[in-house]
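Listed below are the residues making up each chain.
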Amino acid sequence: AMGVNPAAGLLCGDIFPPKKVGSARKTSWGKDEAFNFLDQLFGTLCEKESLIRGKTVFIIQDNASEHGSKDDVEKVIAKLPNAIKLSGILKDSNGSLRMSRAPPNSPQLNLCEYYNRALRSKANRLRHLPEYSSILLQAYPRGQVIDQRLGVLETIIRKSLTDISEGPPLSSAVSKLHSFLAQVINSGGYLDMRQPM
């Protein structure tokens, strides 16, 4: 999960690796985790008060079922501690908080998708460094291979997230996003899905 801003870059990000349940692995990302992450994002925004003061803060989510219905989101946000704090900061400075959904099947219009690509690229580069590839390829005792490799991959992804969040905003991603938005506006709301990101 990621929270990004065109001017500030990656505000916060986290991963939710599958959890072992018996002999199977089950997803660890559901509504509770999505709302907890949202509260974490609101907390980060509160810490960046100078960035948000007097502005309308838009939170745009994709249409994943984990994000809940519009009614779910409004009810839950009203109870999240950092959402309450953020709303107070924005209200005191004549700003506001707006929640919205991205159009379905439109990754070109989602800045997080560009950051996901940068994250995958960075993680793949790190994965091939000797310090990580040797750990990934070493022999583990029977029954521990998957757990050990998943642990290393989680470390690689977390390091990549940290590197991206500490770096400058991805200006090329913002430029691409602006280009796609201009195309949609110029075509009267049509997004050509055949165009690559």
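Look a little higher up for the structure.
Fair warning: this is a prediction, and the values are worked out from it, not measured in the lab. (Residues numbered from 1 in each chain as written. Predicted model: local features only at pLDDT ≥ 70, side-chain atom pairs only at ≥ 80, totals over all residues. Heavy atoms only, no water.)

## What to know about the pattern of salt bridges
(1) Moving on: Here the structure, examined in full by the defined rule, presents six salt bridges.
(2) Moving on: Linking E49 and R53 is a salt bridge whose minimum nitrogen-to-oxygen distance equals 2.7 Å.
(3) Moving on: For E49, a relative accessible area of 28% gives the class partly exposed.
(4) Moving on: Of the residues examined, R53 reaches a relative accessible area of 40% and is grouped as partly exposed.
(5) Moving on: Between D163 and K159 there is a salt bridge whose closest N-O contact spans 3.2 Å. Within this pair, D163 and its partner K159 are both found in helix α7 (residues 145–166), separated by four residues, close to a single helical turn.
(6) Moving on: Its relative accessible area of 34% is what places K159 among the partly exposed residues. (Salt bridge = Lys/Arg side-chain N within 4 Å of Asp/Glu carboxyl O. Buried < 20%, exposed > 50% of the residue type's maximum accessible area, 1.4 Å probe, protein only. Helix = DSSP H or I, 4+ residues; strand = E, 2+ residues; numbered from the N terminus.)

## Describing the nonpolar core
(1) Moving on: Within the largest apolar cluster, 19 residues are counted, with the highest numbers of intra-cluster contacts made by F42 and L45.
(2) Moving on: At the level of secondary structure, the elements contributing two or more residues to this core comprise β2 (9–13), α1 (31–47), β5 (56–61), α3 (70–77) and α4 (81–92).
(3) Moving on: Residue contacts for F42: discarding those within four places in its chain leaves I59, I77, L80, N82, A83, L86, L97 and M99.
(4) Moving on: C112, F180, V184 and M197 belong to the second largest nonpolar core, which has 17 residues in total. (Core = buried A, V, L, I, M, F, W, Y, C linked by side-chain atoms within 4.5 Å. Contact = heavy atoms within 4.5 Å.)

## Points about the packing of aromatic side chains
Any two aromatic rings considered together are summarised by their centre-to-centre distance and by the angle between their planes.
(1) Moving on: Under the counting rule described, the total for this entry stands at one aromatic pair.
(2) Moving on: Measuring from ring centre to ring centre gives 4.6 Å for F16 and W29, while their planes differ by 55°; the resulting arrangement is tilted. Here the residue F16 occupies a position in the loop between β2 and β3 (19–21), and W29 occupies one in the loop between β4 (24–26) and α1, the gap between them amounting to 13 residues.
(3) Moving on: You can call F16 partly exposed: its relative accessible area is 26%. (Phe/Tyr/Trp six-rings, centres within 6.5 Å; stacked < 30°, edge-to-face > 60°.)

## What to know about unusual backbone geometry
(1) Moving on: Positive phi, normally seen in glycine, also occurs at N94, with a value near 60°.
(2) Moving on: With respect to the helices, strands and loops of the structure, N94 is situated in the loop between α4 and β6 (96–101).
(3) Moving on: In this model, N105 sits at a positive phi of 55°, which is unusual for a non-glycine residue.
(4) Moving on: Topologically, N105 is positioned in the loop between β6 and α5 (111–127).
(5) Moving on: For N105, a relative accessible area of 62% puts it in the exposed group.

No statement about biological role is implied by the geometric values presented.
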